[in-house]
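As a plain string of letters, each chain reads:
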Amino acid sequence: MTDRDRDVARSPLDRVVERGGHLLSTAREEGGAFGRARRRQLEIIAMIAVQAGLAAGLAALLAARLGPGAHVFAPAAAVGTIATAIGQRVRRTLELLAGVGVGIVVSDVLRYFLGSGVVQTGLVVTVAIATALLVAGRGGALVGQAGGTAVLIATLAPADHNLEVPRIVDALIGGLAGLFVVAVLLPVNPLRILDNSAQPVISGLTRQLDAIAEAQTNRDAEAAMRALEALRNLGPDVGRLTDALSGAQEVVTIAPARWRRRQHFHRYAAALRHLEQVILYTRSVARRTVTALQHDEPVPPALPVALSRLADALRELHQACRDEREFTRVDQLVLESAECVGRAWGQGVRSDGEAMINDIRTAGSEVLRAAGHPTEESNELVRRATTAGEVETRPPARAHLYRPMPDRGHRPVRTRSRADRAAPAHRARKRRTPPADGR
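Residues numbered from 1 in each chain as written. Predicted model: local features only at pLDDT ≥ 70, side-chain atom pairs only at ≥ 80, totals over all residues. Heavy atoms only, no water.

Draft legend 1. Summary view of the nonpolar core. Judged by nonpolar contacts, the single largest core of 61 residues is most densely connected at L194, L205, L272, L275, L317 and V367. Top element by residues in this core is helix α13 (residues 302-323). It accounts for eleven residues. Look past the residues within four positions of L205 in its chain and what remains in contact with it is L231, L234, L275, V278, I279, T282 and L314. Within the second largest apolar cluster, twelve residues are counted, among which are A59, A78, V181 and V182. (Core = buried A, V, L, I, M, F, W, Y, C linked by side-chain atoms within 4.5 Å. Buried < 20%, exposed > 50% of the residue type's maximum accessible area, 1.4 Å probe, protein only. Helix = DSSP H or I, 4+ residues; strand = E, 2+ residues; numbered from the N terminus. Contact = heavy atoms within 4.5 Å.)

Here it is in structure tokens:
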């Protein structure tokens, strides 16, 4: 009985049960991944909240020691430094101080020439925001602080003089308090930040690589389309990974307690920066798989094996980064993937299959770069492995020269006589053209 006959013999209830089981397993897997991602997100939220609360209390305590009224803005500045610019706290503090300075200068100059009032307040804020945008080139802390300081000076200065110095002191105390908490009192573990942010990206990418391989094996275009949609949904996880890289970089730069982890961090971060390119090439493979299956193009058996090897290489890369191990196993798996790609080429592909082969090769080269190989070396290693796989499946044309002669058994072998061997040379002499001078 063929597979088609078995499919026809199954009852509709069997198909419904099978479909329901597949949907249930998919929902369970996605729910587990969502729960893990949510726990990681809650850990980060809790850490930022504790840092912000500690910085606000420290800023209020320090500002209260420096004079009355100084504690009004300092806690807000500390919270803004920590909570609104993860991974850019130093830059945030500098922008905050620059924005306060711009707001104070613009407000004092315009008040000196125009006086105080409702119209003057609107004009002061307009000029302060425009000046801040010209200085910064974009929105951000500098623009917000310039506008807020301009409002404060324009509205309160007529009743309460000398607001400029307390405002600057507030900004300085709040920003420094936030940096002190992040760098000294409660620095986060940069490697834990990277691991928590990289886990959903790598697990999602490897899971979809395996799904594409299975779709190619089963010639299931719908499964390949689902994998493509899942790869497109990795965008938010990639964005969080980018923020985590920035935040962890800041920690190992300004936190003395984390300086000993710098080497491990830079090795881990250098590997993770190539994931986005691997995702792009994997999405291209998924699109080409859908098209190839819909157009009934051949998909050689070695092609899904190459995708599985690439997924294993990414898992090994993540584990090696965690444990500070060598990337030897990563290199081996990537080269095995390239050899499978070469065998798939030798087995025969069409346009979409050829595009998939190129994308898998380039993705493998990116993984080798993540493992520390230079670009040219990565490309050369993948090229050699691909060529070796192709030659194994489809040897070059000159290979028959080195094959052993077939066994002729006891059949007599015809030998050429001396006259037969001399005939070609004799005919060649007859065809020879006489020289031009007649000799």
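Draft legend 2. Representation of the environment of T149 in the model. Mapping T149 onto the fold places it in helix α6 (residues 141-156). As a C-alpha pair, T149 and S107 span 42 residues in sequence and 8.2 Å in three-dimensional space.

Draft legend 3. Quick peek at the confidence of the model for the protein. With 76% of its residues at a pLDDT of 70 or more, the protein shows a mean pLDDT of 79. Mean pLDDT across the elements of the protein ranges from a minimum in helix α1 (residues 3-9), with 44, to a maximum in helix α12 (residues 275-294), with 96. For the stretch residues 1-10, pLDDT sits under 50, and the model shows five contacts to residues farther than four places along the chain or on other chains. A low-confidence stretch, residues 397-439 stays under pLDDT 50, and its non-local contacts, those more than four residues away or across chains, total four contacts. (pLDDT = per-residue confidence, 0-100.)

Draft legend 4. View of a nonpolar patch on the surface. Taken together, V105, V109, Y112, F113, L114 and L123 make up a surface patch of nonpolar side chains, about 660 Å² in accessible area. The element contributing the most residues to the nonpolar patch is helix α4 (residues 89-114), with five residues. One can find Y112 in helix α4. Y112 sits in the exposed class, given a relative accessible area of 68%. (Patch = residues over 30% accessible without salt bridge, like charges linked within 9 Å, V, L, I, M, F, W, Y side chains within 5 Å. Areas by Shrake-Rupley, 256 points an atom, 1.4 Å probe, with all protein chains shown as cover. Salt bridge = Lys/Arg side-chain N within 4 Å of Asp/Glu carboxyl O.)

Draft legend 5. Geometry of helix α15 (residues 351-370). A rise of 1.5 Å per residue sets the reference length of α15, with its 20 residues, at 28 Å; its end C-alpha atoms lie 29 Å apart and thus fit the reference within 8%. In terms of burial, α15 is largely enclosed, as 14 of its 20 residues are buried. Downstream of α15 by a residue or two, G372 has a phi angle that is positive, lying close to 105°. (Expected span 1.5 Å × (residues − 1).)

Draft legend 6. Just the UniProt feature "transmembrane region" (unreviewed entry) in the protein, in detail. Using the residue numbers shown here, the UniProt feature "transmembrane region" (unreviewed entry) corresponds to residues 44-64, 70-87, 94-113, 119-136 and 171-188. With 100% helix and 0% strand, the stretch residues 119-136 has end C-alpha atoms that lie 26 Å from each other. Spanning residues 171-188, this segment combines 83% helix with 0% strand, and its end C-alpha atoms are found 24 Å apart. (UniProt positions renumbered as here; feature names shortened; annotations may be inferred.)

Draft legend 7. Geometry of the environment of V367. For V367, the position within the fold is in helix α15. Assessed through its relative accessible area of 1%, V367 is described here as buried. Residues V367 and L272 lie 95 residues apart in sequence; the distance between their C-alpha atoms is 9.6 Å. Not counting the four nearest positions on each side in its chain, V367 is found in contact with V278, L310, A313, L314, V330 and V334.

Draft legend 8. Fine view of empty space enclosed by the protein. Within this structure, the stated rule accounts for two cavities of 30 Å³ or more. Along the walls of the largest cavity sit L310, V334, S337, A338, V341, I360, R361, G364 and V382, which together make up its complete lining. Elements with a contribution of two residues or more to the lining of the largest cavity: α14 (328-347) and α15. Ranked by the residues each element gives to the lining of the largest cavity, the list is headed by α14, at four residues. Within the lining of the largest cavity, the residues separate by chemical class into six nonpolar, two polar and one charged. In this structure, the second largest cavity spans a volume of roughly 30 Å³. Looking at the second largest cavity, the residues that line it are R111, G115, S116, G117, Q120, T121, V124 and A154. With three residues, helix α5 (residues 118-136) is the single largest residue contributor to the lining of the second largest cavity. Along the lines of polarity and charge, the residues of the lining of the second largest cavity split into two nonpolar, five polar and one charged. (1 Å grid on protein atoms, 1.4 Å probe; cavity = no way out; pocket = protein on both sides within 12 Å on 5 of 7 lines; lining within 4 Å. Points joined across faces, edges and corners; volume = space filled by probe spheres on them. Nonpolar A, V, L, I, M, F, W, Y, C, P; charged D, E, K, R; others polar.)

Draft legend 9. Region of interest: the packing of helix α8 (residues 190-218) against helix α9 (residues 221-232). In the contact formed by α8 and α9, the axes pass within 8 Å of each other and the chain directions differ by 165°. On the basis of their axis angle, the class for α8 and α9 is roughly antiparallel. In the crossing of α8 with α9, the sense of the turn from one axis to the other is left-handed. Here L205, Q208, A211, I212 and A215 of α8 lie close against α9, whose contacting residues are A223, A224, A227, A230 and L231. (Axes fitted to C-alpha atoms, helices over the stretch in contact; angles between N-to-C directions. Parallel < 35°, antiparallel > 145°, perpendicular 65-115°, else oblique. Left-handed = near helix turned anticlockwise from the far one by under 90°.)

Draft legend 10. Structural context of the pattern of salt bridges. Across all of its chains, the model carries 15 salt bridges by this definition. With its nearest N and O atoms 2.4 Å apart, the salt bridge here joins D210 to R315. Highlighted residues: D210 in helix α8 and R315 in helix α13, separated in sequence by 105 residues. R315 gets classed as partly exposed once you look at its relative accessible area, which sits at 34%. The shortest N-O distance in the salt bridge between E392 and R343 comes to 3.4 Å. Of the two residues, E392 sits in helix α16 (residues 375-393) while R343 sits in helix α14, which places them 49 residues apart along the sequence. Given the relative accessible area of 55%, E392 is considered exposed. For R343, a relative accessible area of 21% gives the class partly exposed.

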